[in-house]
Amino acid sequence: MKQYMLIILISVFSLSLLAQNSSYIKAMKNAITMMDTSSSIEYLQFAANDFERIGNSVKDEWLPYYYCAYCYVQINYLIKTDKKRDLYVDKAVEFNNKADNISPDNSEIYVMKGFILQARMNIEPMTRGMRYNSQCISIFKNAQELDPENPRSYLWHAVQLFNMPTFMGGGTEKAFPLLNKALEKYEIFQPKSEIHPNWGLNYAKKMFVKYSK
Amino acid sequence: MKKILILFVLITIASITCNAQTTITGKIITKKGEPVMFANIAIKGSFDGTSSNLDGEFSFITSKNGEQIIMVSCIGYQAIEKAILLNEPIVQLDIILKPSVSEIDAVYITAGAFEASEEKRTVNMKSTDIGTTAGALGNIIGAIETLPGTQTVGESNGLFVRGGSGSESKIIIDEMVVLNPYYSPVPDIKQRGRFDPFMFSGMIFSSGGYSALYGQALSSTLILKSKGLADSTNTGGGIHLYGTNVFHTHRWENTSLYTGISYNNFQPYHYLFNIDKYNKSTENTCGKIIFRQKISDNGLFKFYSNISKTELGVDFEEISNPDEKYSFSLENKNLYINSSYREFFKDEKWSLFVGFSYSKDKDNAYLDTINMSEDEEMMQSKIMVTNNSLSDVTIKAGGEIQSFDVSGKMDNSEGVIEDLFCAGFFEVDWIISQKLATRTGVRYEYSDYLLKWNIAPRLSIAYKVASNSQISFAFGKFYQTPEKDFLYYSDNKYDYENADHYILNYQWMKNKRIFRIELYDKEYNDLIKDIPDVQNTYNNSGTGYARGIDIFWRDEKTIPLADFWISYSYLDTKRDYRDFPKEAVPDFAAKHNLSFVYKHWVGLINSMVGFSYSYSSGRPYYDPNRPENEFHTDYTKEYHNLDINISKITKLFNRRTVIYSS
C-alpha cells in the first residue's frame, strides 16, 4: 500500500515538474523565435522582456538571461544616438552577469562578455578601442579554454582581430585562420538542446565571403 | 485508504490543470500621462506577463489568482512592484513609472569642476587626453594648463589657478595629499610633475568651489585616481634622448605588481639643444613599485611607492642686474608612499576608505657658497565612510590626520616646524529631482602648530534648464595654513589664510560638443603680510581678490577624426600681501590667457598628430629703480607658445606604447 502511495506521489510530482519544464521550453522557444526573426527594436525589446520574465521565474537557468543580454546588444546596434546605446549595453552586461552567476565558467557566457565589450567599443572606437582591445581578446581566449569546441569563441575572436589595426596585433592575416577554425567547429557543432545557443554561422559565412576575396 | 488516495491524486491534478484564468489589462504611463512603451510587466514567480505596446497599453492572461505581486520595469525608468488581487475575470491596472536618473540625463555639479574619466560619460575630458595633448608631453600639469582658469607661469612650480599662486593648489592622489608633486624647485625653471599620467584612470580638476573632502588649498585641487589591477604581465623598457628605463609588471589573478627603475640624464639633450645655463645637467635616478591586491569582490588594496634622487646645477643671472651671475646646485632625495584600501559592502550601499601616505623629502642646495637645506616629513591617515542607501542621496563622512615635521637651514639660521593637523568632513550629495542636484558639505580643521581651528562650509547647486544644458552655482570657504617660509618665524602666532569662492557656471553639451562659461569671484582674507620696517615679521592683515570669466569650447564632431578645444580666461586680480607696498596685481597673474589644442587622428600612420598654442598677456614685475608707488607697473612681454607633437601608439616589447615627438 505504502509503495503505491510512493509511486503515485512521485509520478504526480514529476508530472508537475514536467509540466513546468515543458512550459519553460515552450516559452523559451517562443522568445527565441521572436528574437531570431525580428530585426526591429520593438520586437527585440519584447523578446528581451520575455527572457527577463522567464529568467526571473525559473531562477536557476542561465539561458534566459544570456539571450536577454544578446537582445540588448542587438538593440544597441539599431539605436542611432550614441548616448542611449550605452544604456542598452549596460543592460546587456547586467543580464549576462546574472547568467554568469548561475553558470560560472561557461564558455558561451564568456563569448557574450566579449560580444558585449565589442558593442561598447563600437560606440566610441577611437578611445574605447585602445582601452578594451586586449581585455576583449583575453575573454575570447578564456572562452576557448573553457570549451575548445565552441565555434562562437573563435568567430568573435576573429571579428575582433579583423577590426583591430595590424600595429595593435590585429589584422586579416591573424584573423583569417581563426575564422576558418570557427567554420570547422560550426560544421561539427551540435547544440545541447533546441534552446541552447546555436547562432553565428551565417555571420561567419558572411565574414568568410567578405575577407576571402 | 484507496479512496482517499485517489481523491488526493485528483485534487492535485486538478489544481495543476484547471486554474481559473484572469485577464490583466491596463496602461503604463509617466506622471505627465505620456505612454511608456516596451515596459516589462510580470507576475512575480511566474512566466505570466507581457510588454506594453507603443501606446503603453498591455493585456495578458494569467492562471494565477488571489494576491499576487506585479513587477513593472522599463529601461530609463525606476522598476516598481505592486500587490494586486486577482479575483475577477478581468482586472484593470494602470501604472505610473518614474524616470530613473540615469547618468546621462542626470543633472550634475559642474561649477568649478573639470572631470576626466574612462568610465563616466558625462565628462569634459578623457583620461587619454592627458597623454596625447601637445606640449603636455605626458605631463599631467601641462595638460591641465590647457583648461580655462589656469595659466602657464614658466618659471615656477605649481598650478596657477584664477589668480592664485602655485602653492594655493593641491594635488591629491587616491584621496591623499601629495606633499611634493613636482621635482624640487630651481630658481626660474619650472619642474615637471613626479607622476606618470598613464598611472591614472580618472581626474577631477577643480578651479574653485571644490568638495569638503579636501582642504588646505585656497584656489584649486587636482584630484587623481590611480588605476586598479594591471591588465596583464609584461616587461619593457626604453631609451630616449635623456634617459633609460626598465620595468616589469606581473599580473596574478587577484594581484598585480609593477616594479621599475629609471635613470635620466639631460646632458645629451642640453648639448643638442644648446641649453647652456646648466653647469650640471639634471641627473635623476628613480625606483617605483605599484602593488594591487583584490581583497574581496569589491575590495581593492592599492600601494604605490616611489624613491628618487636628483642632482643638478644652474647658472642664472639676477633680473635687476644681468652682469651678476649666481650658481645654484641642488641635490634632492624623495620617498613617497601612498596606500589605500576601499571596500564596498552590502549591494554597494556602504563603502569604506582607509588611506595612509608618507613622504620624506630632503633638499640640499647651494647658492654660490650659501648652503640651504630642507628636510620635510609628512604622514597622513584618512578614513571615509560613504552611504548610498537612498538612491538619490550619497552621504560621505570622515576624518584625517596629517603630521608634518619640517626643518630648514640657511647658512647659520635654522627653523623647525612640527604640526599635527586634524580635519573632519561631512558631505551630502542629494539629487532632488531630475533637474536639481545639490552638494552640501562642511569641513573642520585644527592645526596644533597654529593652535587655531576653522570651519569651512561648501555648497554647490546644479539646475538643468534644458535637456542639453544646465546652470550650476558654487560657494565655499577655503582655509590654508601659511606657507612654511613664514612659519619658521613663529614669534607671531598666525591664523589661516582664507578665501571665499563664488562661481556661476553654464554648460551646454550635445553630440560631442561642449560649451562652458563660468563667472567667478574669489575674495582673499587674512593673507600673510610683512610688518613694515621690521625684518621677518608678519601678520595676517593681507587681502586680495580675483574675478573673471572662463570660457571653454570643445568639439569632436565638426571635423572628422579631429578633436579640438579652446580655452579663454579673463582675470582681474589684485592683492595687498607679503611685501607689497600697496594693492597690486601679483607677478604671476596675466589678464588674458588663451589655449588652443588640436588633435587629428591619422589612420595611415596610426598616429595622433596635434598641436597646442597658448598665449598669455604680460605679467607685472617691479623694477627696483622705480619709486615704491609704481610697484608692479611694468609688464613682461606677451607669452606665445606653440607645441607640435605626434603620439604614435604602437606595440613595443608586447606593450602598447605611446611614442612622442615634439
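Here the structure is a predicted model, which means the values were calculated and not measured.

Caption draft 1: How the structure looks around the overall build of chain A. In terms of helices and strands, chain A carries 9 helices and 0 strands. Scanning chain A from its N terminus toward the C terminus, one meets helices and strands in the order α-α-α-α-α-α-α-α-α. Principal-axis analysis of the C-alpha atoms places the extent of chain A at approximately 75 × 35 × 30 Å. Counting only residues that meet the buried cut, chain A has 41% of its 213 residues in that class.

Caption draft 2: Representation of the overall build of chain B. Within chain B, the regular secondary structure consists of 5 helices and 37 strands. For chain B, the residues scored as buried account for 33% of the 662 residues in total. Partitioning the intrachain contacts of chain B with sequence separation of at least 6 by distance along the chain shows that 57% fall at a separation of at least 24.

Caption draft 3: How the structure looks around the confidence of the model for chain A. When pLDDT is averaged along chain A, the result is 87, and 90% of the positions lie at 70 or above. Mean pLDDT across the elements of chain A ranges from a minimum in helix H1 (residues 2-37) of chain A, with 74, to a maximum in helix H3 (residues 63-78) of chain A, with 95.

Caption draft 4: Layout of the domain arrangement of chain A. Residue and element names in this part refer to chain A. The domain boundaries assigned to chain A delineate domain 1 (20-104) and domain 2 (106-213). On a C-alpha basis, the centroid separation for the pair domain 1 and domain 2 is 20 Å. Counting residues at the interface gives 23 residues for domain 1, matched by 13 residues for domain 2. At the level of elements, H1, H3 and helix H4 (82-102) are the ones that each hand at least two residues to the side of domain 1 that touches domain 2.

Caption draft 5: Region of the structure containing helix H7 (residues 151-163) of chain A. Residue and element names in this part refer to chain A. The end-to-end C-alpha separation of H7 is 19 Å, in line with the 18 Å expected for 13 residues at 1.5 Å each. Counting buried residues along H7, 11 of its 13 residues qualify, which places the element largely inside the surrounding structure. Among all positions in H7, only Pro 151, Arg 152, Ser 153, Tyr 154, Leu 155, Trp 156, His 157, Ala 158, Val 159, Gln 160 and Leu 161 are buried.

Caption draft 6: Main features of the sheet that holds strand E2 (residues 40-43) of chain B. Residue and element names in this part refer to chain B. On the basis of which strands lie adjacent, the open sheet formed by 4 strands has the order E3-E2-E5-E6 and antiparallel pairing. With one partner strand each, in any of the chains shown, strand E3 (49-51) and strand E6 (80-86) form the two edges of the open sheet. Taken pair by pair, the neighbouring strands of this sheet meet at an average axis angle of 20°, ignoring direction. Here 4 bridges tie E2 to strand E5 (residues 66-73), and the two strands are oriented antiparallel to one another.

Caption draft 7: Representation of unusual backbone geometry in the model. At A:Asp105, a position not held by glycine, the phi torsion is positive, near 55°. By the secondary structure assignment, A:Asp105 is in the loop between H4 and helix H5 (107-123). Despite not being glycine, B:Glu175 shows a phi value in the positive range, around 75°. For B:Glu175, the position within the fold is in the loop between strand E11 (169-173) and strand E12 (176-177).

Caption draft 8: Structural context of the sheet that holds strand E1 (residues 22-30) of chain B. Residue and element names in this part refer to chain B. Read across the open sheet, the 3 strands follow the order E4-E1-E7; overall the sheet is mixed. On the outer flanks of this sheet lie strand E4 (57-62) and strand E7 (90-97), each paired with one strand and no other. Within the sheet, the average angular offset between the axes of one strand and its neighbour, ignoring direction, is 25°. Bridge count between E1 and E7: 8 bridges; the pairing is parallel. Opposite Thr 23, over in E7, you have Ile 90 as the bridge partner.

Rules and cut-offs
- For every chain, the first residue of its written sequence is number 1, and the numbers climb from 1 along that sequence.
- Whichever chain is written first is A, and whichever ligand is written first is 1; the rest continue in order.
- Since the coordinates come from a predicted model, pLDDT governs what is reported: local features require at least 70, and pairs of side-chain atoms require 80 or more to be given and counted, while whole-chain, interface and lining totals use all residues.
- Runs of H or I in DSSP of at least four residues are treated as helices and runs of E of at least two as strands, each being numbered from the N terminus.
- Exposed residues have 12 or fewer other C-beta atoms within 10 Å of their own C-beta, buried residues have 20 or more, and partly exposed residues fall in between, where C-beta atoms are placed from the backbone.
- In this description, a residue-residue contact is defined by the distance between C-beta atoms placed from the backbone, which must lie within 7 Å.
- Confidence scores labelled pLDDT are given residue by residue by the predictor and lie between 0 and 100.
- The split of the chain into domains comes from an automatic or database domain assignment.
- To estimate the expected span of a helix, subtract one from its residue number and multiply by 1.5 Å.
- Two strands pair if DSSP finds at least two bridges between them.
- Axes, fitted as lines to C-alpha atoms, cover a helix only where it is in contact. Angles between the N-to-C directions of the axes lie from 0 to 180 degrees.

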